[in-house]
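The chain contents come next:
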Amino acid sequence: MQVLDQLLDQFNSELKDIHRVPDLLNLKSKYLGKQGPISEVMKGLKDATVEQKKEIGSKANILKNQIETILNTKMEELELKDINEALSKDKIDFSLTDSIRDLGLQAAGFHPVSIIQREIEDIFVSMGFEVLDGPHIEDEFHNFEALNIPDTHPARDMQDTFWFADKKHLLRTHTSTIQVRGMKERKPPFRFVGPGKVFRCERTDASHEMVFHQLEGMMVGENVSVGNLIYFMKTLLTEIFKKEVEVRLRPGFFPFVEPGFELDIKCLICGGKGCSVCKHVGWVELLPCGMVHPNVLKAGGIDPEKYNGFAFGLGLDRLVMMRYGIDDIRHIHGADLRFNSQFKSF
Ligand code: FA5
């Protein structure tokens, strides 16, 4: 009993000098370990009377619990202190690229899709376009109906859709949804672009992903012409590739434009000879476009008798492939740092 009476005071006075986690663990094993004083007292009870066992045993247990509680509190306190010290020592200002390199760390960079997206936004902003955004989860109206694709229209099958269980909501299959919201919120004349992720339930291959990026564009006014459309598309591609690129315009069907076109670019991977990216035809489908269908203008609250316009939907991932010579779209979102770190850093 005498040993036990003094033990708590002795423990507390030793605890005062403990400031590190390893020392605390040593103290714990000294007092509560198998060779510790409490265990020794318990071992000594085997020859004691029943009365003694009861009295001393219960006191030893209470003491053990007290010491454990004190140790746990101290442990939390020391661990928190360690974390705070580490945080204050390891603070890195990521905006200081030189100091990051000095530390032997690699500076973070932009994903190639973000690089292209920002460049295109800048090009269009410099030509008087706004940049709009829109939700990934859409309803039938914005993804189909307002774009002149009514229920039962076969064009709904042109883009394999991820539907939600309610059969009313979906993951947008194209950024043309941004057109609908953009038109409703403004009065002509206006021009805007809308970049973003789109989703299609389709088989992946060298040029097809299930999640990819598009950049929508729209210009509405009183006398917008196919000539205006071609001018903006050519300017965009020359700025992006920093050289004249070969393009071809052919008729294309999209319910939301009339007439509709497919603007293809001569494959920059194989130079037009044919490869897996261009499916051996030498041209890559990059930029479908056309004059906005009157029904679409109406759905957006615009009088088609008075106004017309053009729209386009650029595939950003394919543009990245052409610009950097990437021969498989699946590299782009493979999250492989060896791939990502090849592009421009801050
Ligand atoms: C559309 O999505 C239309 N909304 C584009 C449009 C807008 C036409 C306005 C007219 C006026 P399309 O399904 O062809 O069209 O896709 C547009 C572009 O996205 C393609 O040219 C291609 O570059 C890219 N694309 C389409 N599917 C995939 C895919 N699975 N993986 C990667 N890129 C794709």
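Thresholds applied
- Residues numbered from 1 in each chain as written.
- Predicted model: local features only at pLDDT ≥ 70, side-chain atom pairs only at ≥ 80, totals over all residues.
- Heavy atoms only, no water.
- Pairing = 2+ DSSP bridges.
- Helix = DSSP H or I, 4+ residues; strand = E, 2+ residues; numbered from the N terminus.
- Salt bridge = Lys/Arg side-chain N within 4 Å of Asp/Glu carboxyl O.
- Buried < 20%, exposed > 50% of the residue type's maximum accessible area, 1.4 Å probe, protein only.
- Phe/Tyr/Trp six-rings, centres within 6.5 Å; stacked < 30°, edge-to-face > 60°.
- Axes fitted to C-alpha atoms, helices over the stretch in contact; angles between N-to-C directions.
- Parallel < 35°, antiparallel > 145°, perpendicular 65-115°, else oblique.
- Contact = heavy atoms within 4.5 Å.
- Domains from an automatic or database assignment.
- Disulfide = S-S within 2.5 Å.
- Near = heavy atom within 4 Å.
- Polar contact = N/O pair within 3.5 Å; in protein donor to acceptor, adjacent residues only side chain to side chain.
- Areas by Shrake-Rupley, 256 points an atom, 1.4 Å probe, with all protein chains shown as cover.
- Nonpolar A, V, L, I, M, F, W, Y, C, P; charged D, E, K, R; others polar.

**What about the sheet that holds strand β8 (residues 283–292)?**
For sheets, the rule is that strands pair by backbone hydrogen bonds, running either parallel or antiparallel. Pairing in this open sheet of seven strands is mixed, and the strands run β1-β4-β5-β9-β8-β7-β6 from one edge to the other. In this open sheet, the two strands that pair with only one neighbour each are β1 (130–131) and β6 (247–251). As paired strands, strand β4 (residues 190–199) and strand β5 (residues 211–221) are joined by 10 bridges and run antiparallel to one another. Opposite Gly196, over in β5, you have Gln214 as the bridge partner.

**Brief notes about the pattern of salt bridges**
Following the criterion strictly, the structure yields 17 salt bridges and no others. Salt-bridge contacts for Glu244 lead to Lys234; the nearest nitrogen and oxygen are separated by 3.6 Å. Within this pair, whereas Glu244 is found in the loop between α9 (226–241) and β6, its partner Lys234 is found in helix α9, the two being separated by 10 residues in sequence. Under the relative-accessibility criterion, Glu244 is labelled exposed at 60%. Residue classification places Lys234 among the partly exposed residues on the basis of a relative accessible area of 33%. Here Glu246 and Lys266 are joined by a salt bridge, their closest N and O atoms 3.2 Å apart. A residue pair is termed long-range when its members are at least 10 positions apart, and Glu246 in the loop between α9 and β6 and Lys266 in strand β7 (residues 257–266) qualify at 20 residues. Residue Lys266 is classed as partly exposed on the basis of its relative accessible area, which comes to 23%.

**Examining the packing of aromatic side chains**
Enumeration according to the criterion identifies 12 aromatic pairs in this entry. Between Phe129 and Phe232, the ring centres sit 5.4 Å apart and the planes meet at 80 degrees, which makes this aromatic pair edge-to-face. Linking Phe129 in the loop between α6 (112–126) and β1 with Phe232 in helix α9, this pair joins segments that are 103 residues apart in sequence. Accessibility assignment for this pair places Phe129 and Phe232 in one class, buried. Among the aromatic residues, those joined into a cluster by ring pairs are Phe124, Phe129, Tyr231, Phe232, Phe310 and Phe312.

**A few points about the packing of helix α2 (residues 21–32) against helix α4 (residues 50–89)**
One way to put it is that α2 packs onto α4 with a least axis distance of 10 Å and a crossing angle of 170 degrees. One element, α2, and the other, α4, form an angle in the roughly antiparallel class. Seen from α2, the contacting residues are Val21, Leu24, Leu25, Lys28, Tyr31 and Leu32; seen from α4, they are Lys64, Ile67, Glu68, Leu71, Lys74, Met75, Leu78, Glu79 and Asp82.

**Quick notes on the domain arrangement of the protein**
Split by domain assignment, the protein resolves into domain 1 (2–90) and domain 2 (110–345). Look at where the C-alpha atoms of domain 1 and domain 2 centre, and you get two points 68 Å apart.

**Description of the state of the cysteines**
The full count for this structure, using the stated rule, is zero disulfides. The closest cysteine sulfur to the non-disulfide-bonded Cys270 is located on Cys267, 3.7 Å from its own sulfur.

**What about the environment of Ala311?**
Here Ala311 lies in strand β9 (residues 308–315). In sequence terms Ala311 and Phe339 are 28 residues apart; their C-alpha atoms lie 33 Å from each other. Apart from residues no more than four positions distant in its own chain, Ala311 is found in contact with Gln179, Gly217, Met218, Leu229, Cys289, Gly290 and Val292.

**As for the site of the ligand**
Around the ligand sit 25 residues in total, of which His174, Ser176, Arg200, Glu202 and Glu209 are the nearest. Take Arg200: an N or O atom from its side chain is 2.8 Å from an oxygen atom of the ligand. Between the ligand and Glu202 there is a distance of 2.6 Å, counted from a nitrogen atom to a side-chain nitrogen or oxygen. Isolated, the ligand exposes 670 Å² of accessible area, and the fraction of that covered by the protein chains is 96%. Going through the elements one at a time, α8 (176–185), β5, β8 and β9 are the ones with two or more residues in the shell around the ligand. Tallied by class, the residues present in the shell around the ligand amount to 10 nonpolar, nine polar and six charged.

**Concerning helix α11 (residues 316–324)**
Of the residues making up α11, those classed as buried are Leu316, Asp317, Leu319, Val320, Met321 and Met322. The inward-facing, buried residues of α11 contact α6, β5, α9, β7, β8 and β9. Following α11 by one or two positions, Gly325 adopts a phi angle in the positive range, close to 70 degrees.

**Details of the environment of Phe162**
With respect to the secondary-structure elements, Phe162 resides in the loop between α7 (140–143) and β3 (169–171). Phe162 gets classed as partly exposed once you look at its relative accessible area, which sits at 27%. As for Phe162 and Cys201, which are separated by 39 residues in sequence, their C-alpha atoms are 5.9 Å apart.

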